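Listed below, chain by chain, are the residues.
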Amino acid sequence: MRGVRVDPFSLRLREPLGTAKGEIRERRGFLVGVDRGTGARGVGEATPLPGWTEPYADCHDGLAEMRTAASDGWGFDVEALGPAARHAVSLAEADAAARNRGVALHDWLADRFETRRGGDDRPTTVPVNATVGDGTVDETVSAAEVAVEDGFGCLKLKVGARPLGADERRLRAVREAVGDDVVLRADANGAWDRETAETAVELLADLDFAYVEQPLASDDLHGHAELRGRGVGIALDETLYDSSVSMPTNLREHADVVVLKPMALGGPGPTLSLAQYLRRSGVTPVVTTTVDAAVARAAAVHVAAAIPGIPPCGLATGDLLAEDLVDDPVPVTDGEIAVPEGSGVAGDAFDHRLWD
Ligand SMILES: [Mg+2]
């Protein structure tokens, strides 16, 4: 790493976003550029999200130390950084390596992590789901209908913010409105106790939901295992990022689906390693963002494209931002995102932010 550049940014959200870990109004992070001095430049992004990654201040300090070490010619242990900072650095390195070879990032990743077999197609698009937030029955149905009109074939509905009876009315009304051909998922963000979750799983199976994310608290691995095999898939999300939970070796007994967030996993590499492990265990990986800026969203699309047969992913989050670093390199069309052409993440589309 000859030269390192770190450029802070702050992007407003269109509307405050309620999450299980508090409301967010803006996304603050860092663009990170590496220049290997051989003409190979790469760009990465660190957009920390408290509760999922290291705090902003830690991310800032870690990247500042790394930049100083690079300019003074010292060694620096990237593994000592938090996941968002590691995401930025490893993405920038991967972008530089792929651009140096003149290949797209997803091809470089698939080659490096041996994710594609001989018969696997090289995808040109990645399927994505729309997310429908909590709301009244009418609000939920109209958001679902708009998404289907926009071409989405897979909707994820937020549940668990109201009593199950109220959620039941929302979910039934959506299934009735969109028909049987639209794939539905639910995300409870850990809101239910075991008894409520059991009733909810019965309802979701009845309404032909594909899976429910995190029905129980993040540390209740055993409870999630107990909910499996009842007609609706069980997906783990928060559990994966809860440092108090040690991942079991028999993950396949606890989940049908696992939600992978590259920003919280430390970059494209660790994400693909985990996806490979999940696939070998018979667990389905799904890739999502943590409401990131353009560079990390584009990178997450490449990560998903490197996983053959990936189901619809939670990558349609660009519209949540009122502003962005550059024009969206990964817009959604008819429920799909075209994998960016050009070498690396998106050719030299981001270079002017760091080097001009
Ligand atoms: Mg989730």
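For clarity, every value in this text was computed on a predicted model and none was experimentally measured. Throughout, residues of each chain are indexed from 1 in the direction in which the sequence is written. Predicted model: local features are reported for residues with pLDDT of at least 70 only, side-chain atom pairs are reported and counted for 80 or more only, and whole-chain, interface and lining totals are derived from all residues. Only hydrogens and water are set aside when side-chain values are computed; all heavy atoms of the structure are taken into account.

A. Examining the coordination of the magnesium ion more closely. Protein-derived coordination of the magnesium ion comes from D187 (OD), E213 (OE) and D237 (OD), at a distance range of 2.0 to 2.4 Å. Note on donors: an N, O or S atom is included if it sits within 2.8 Å of the metal, or within 3.2 Å for Na, K and Ca, and water is never included, so sites can look incomplete. Here the donor residues of the magnesium ion share one chain and are spaced in sequence as D-x25-E-x23-D. On the criterion of sequence distance, the pair formed by D187 in strand β7 (residues 183-187) and E213 in strand β8 (residues 211-213) is long-range, its members being 26 residues apart. Where helices and strands are cited, they refer to DSSP runs of H or I of at least four residues and of E of at least two residues respectively, numbered from the N terminus.

B. How the structure looks around the sheet that holds strand β3 (residues 41-46). Pairing within the open sheet is antiparallel, and its three strands lie in the order β1-β2-β3. A strand with exactly one partner marks an edge of an open sheet, and here the two such strands are β1 (3-19) and β3. Across this sheet, the average inter-strand angle for adjacent strands is 20°, counted without regard to direction. Pairing between two strands requires that DSSP report at least two bridges joining them. With six bridges joining them, strand β2 (residues 22-35) and β3 adopt antiparallel strand pairing. Bridged to G33 within β3 is V43. Residue contacts are counted whenever heavy atoms from the two residues lie within 4.5 Å of one another. Each axis is a line fitted through C-alpha atoms, taken for helices only over the stretch in contact, and angles between the N-to-C directions span 0 to 180 degrees. Of the strands in this sheet, β1, β2 and β3 touch helix α1 (residues 56-72), which is tilted by about 10° from β2. Here helix α2 (residues 83-101) sits on the sheet and contacts β2 and β3; the angle it forms with β3, its principal contact strand, is near 155°.

C. Just the nonpolar core, in detail. We call a set of buried residues a nonpolar core when its members are Ala, Val, Leu, Ile, Met, Phe, Trp, Tyr or Cys and they connect through side-chain atoms within 4.5 Å of each other. Each residue gets one of three labels from its accessible area relative to the maximum for its type: buried under 20%, exposed over 50%, partly exposed in between, using a 1.4 Å probe on protein chains only. Grouped together as the largest cluster of nonpolar side chains are 95 residues, with contacts concentrated most on L105, L155, V258, V287 and L315. Domain start and end points were adopted from an automatic or database domain assignment. Looking at which domains feed residues into this core, each of domain 1 (3-102) and domain 2 (125-338) gives three or more. Ignoring any residue separated from it by four or fewer positions in sequence, one finds L105 in contact with L91, A94, D95, A98, A299, H302, G344 and V345. If you look at the next biggest cluster of nonpolar residues, it comprises 17 residues, including F30, V32, C59 and L81.

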